[in-house]
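As a plain string of letters, each chain reads:
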Amino acid sequence: MEGKRGKIEKISEKLVDIGFIIYISSLVISKAGLNIGLAFIVLGFLTDFKRNIGRIKEMSLEYKVVISFLLIYSFYDLVTPGFIKSFSIEVGELYRILPLMIVPLYKKKYSVIRKYVEIMIAFFSLAVVYNLFDYDVSKMERLNGFLYSTTTGHISAMILIFIFGMFLNEKNKIKKSYYLLIEILGVYMLFLTATRAAILGLLIASILLSILKYRKKSISIIIIILILSLIMINKVGYLNNFKISDIKKEISLNTRLTMWRVSLKHFTEESFLYLGLGRDTLTEVFEKEREIHPETLIEKKYAGNPHNMYVLILSEKGLYIFISFISIFVAYLLKSTFLLRGNELFYSLIGSQIVYFISGLTEDNWRSLLMRAPYFVVLIFIFLLKNKDQGVKL
């Protein structure tokens, strides 16, 4: 009987392992790949269902807090004006992220976690080379890659800061050179996507990680980062056309400011006890704004997306969910990651979260499946490292 249970457990773990590898390999390549990876993970969970339910009870408080938040976040629409319509949309999206939380249930040696990281970086490297070649051939104004330019940019920024963190800690000269090469090519690709918030997030996170790692000696690295950034901005026409002196006339920025103002105004006026408006209700708000003010910068293509993760969560989910989100993800989980200081993945995990929260200032990184995916991969790495009985390398 024990032999049969052991076999089932191995099959279950193998399926989850395959699913997670497919998932992290598809981050900047394929939305379909993400779904296939999740399917394998769910299948692995169900193969050893009873034992996995028991494992959930043994997981850390941080893990349980995130699971609880995801469930509450989805069901919360039942108390908003969006009610059943918003609730059905939100629950329909839950299956796209919740299965990832299955991965940390299986205890992994550090060598396996490191293998995951190397696979993710290897597939990202291939995507970078392909995207740069494709851009050179197609002569596009902005690089799209396998996904849309904005999505490619935000995902790439998170993976690039992850690689930068690995570069800072790597002692092997060959691996360090490999990370540096991919970093340079990847940053150039990021600049070609012209996703300014992602670029800003990567720049700020790189400077902060350099200070964390080298303290006073970080000044030389910071200067190099700034010089390389200026060179790349100068080479990318789309970014080079952006002038600080003309910021008041900048359409992209002013459109976002208009959407934020309209979203927050409607939230404060229409939301009962600041409970929120419900999922996708901003679509109607934007349509009404266009009817009343035909000259508005809010075009139909924005479809209720204010292009700000924080404004969207506050408007759709209300003040209480917004405070919970900030408290759990921006404060609690980011702070708890510092407990891993000394681990060689520490800088990568901290940096990725910083990039995610900064780039969320101009994009809906939370509701977007593709842009939320790399952030949750980072959380999975954190939970795997913190899972008790791990051979965490410090």
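Note: the structure precedes this text.
These figures come from a predicted structure and were not determined experimentally.

A. Representation of the side chain of T258 within the structure. Along the chain, the position of T258 falls in helix α12 (residues 251-270). Judged by its relative accessible area of 15%, T258 is buried. Dropping the residues within four chain positions of it, T258 is found in contact with T296, L297 and I298.

B. Structural context of the pattern of salt bridges. Summed over the entire model, instances satisfying the criterion amount to 17 salt bridges. D48 serves as the salt-bridge partner of R51, at 3.4 Å between the closest nitrogen and oxygen. According to the relative accessible area criterion, R51 is partly exposed, its value standing at 31%. Residue D48 is classed as buried on the basis of its relative accessible area, which comes to 8%. Between K317 and D77 there is a salt bridge, with the nearest N and O atoms lying 2.2 Å from each other. Of this pair, K317 sits in helix α14 (residues 309-337) while D77 is found in the loop between α4 (61-75) and α5 (83-94), placing the two residues 240 residues apart along the sequence. The exposure class assigned to K317 is buried, which follows from its relative accessible area of 0%.

C. Highlighting the packing of helix α7 (residues 149-169) against helix α9 (residues 196-214). Where α7 meets α9, the closest approach of the two axes is 9 Å, and the angle between their N-to-C directions is 15 degrees. By the angle class used here, α7 and α9 are roughly parallel. Between α7 and α9 lies a crossing of right-handed hand. Here G153, H154, A157, L160, I161, F164, G165, L168 and N169 of α7 come into contact with α9, specifically with A197, A198, L202, A205, S206, L209, S210, K213 and Y214. Here the residues of the contact of α7 with α9 are counted per class, giving 11 nonpolar, six polar and one charged.

D. Representation of the nonpolar core within the structure. Of all hydrophobic cores here, the largest spans 109 residues; its most connected members are F20, F329, W366, Y375, F376 and F381. The leading source of residues in this core is helix α16 (residues 369-386), at 13 residues. Residues within four places of F381 in sequence aside, it is in contact with F20, I113, Y116, V117, M120, F162 and L349.

E. Quick peek at the environment of K108. Positionally, K108 belongs in the loop between α5 and α6 (110-138). Spatially, the C-alpha atom of K108 lies 17 Å from that of D48, the residues being 60 residues apart in sequence. Side chain to side chain, K108 and E13 meet in a polar contact 2.9 Å long.

F. Summary view of the packing of helix α2 (residues 31-47) against helix α3 (residues 49-58). Packing of α2 against α3 leaves a shortest axis separation of 5 Å and a crossing angle of 100 degrees. One finds that α2 runs roughly perpendicular with respect to α3. Counted together, G44, F45, L46 and T47 of α2 and F49, N52, I53 and I56 of α3 form the full contact between these two elements.

Conventions and cut-offs
- Residues numbered from 1 in each chain as written.
- Predicted model: local features only at pLDDT ≥ 70, side-chain atom pairs only at ≥ 80, totals over all residues.
- Heavy atoms only, no water.
- Helix = DSSP H or I, 4+ residues; strand = E, 2+ residues; numbered from the N terminus.
- Buried < 20%, exposed > 50% of the residue type's maximum accessible area, 1.4 Å probe, protein only.
- Contact = heavy atoms within 4.5 Å.
- Salt bridge = Lys/Arg side-chain N within 4 Å of Asp/Glu carboxyl O.
- Axes fitted to C-alpha atoms, helices over the stretch in contact; angles between N-to-C directions.
- Parallel < 35°, antiparallel > 145°, perpendicular 65-115°, else oblique.
- Left-handed = near helix turned anticlockwise from the far one by under 90°.
- Nonpolar A, V, L, I, M, F, W, Y, C, P; charged D, E, K, R; others polar.
- Core = buried A, V, L, I, M, F, W, Y, C linked by side-chain atoms within 4.5 Å.
- Polar contact = N/O pair within 3.5 Å; in protein donor to acceptor, adjacent residues only side chain to side chain.

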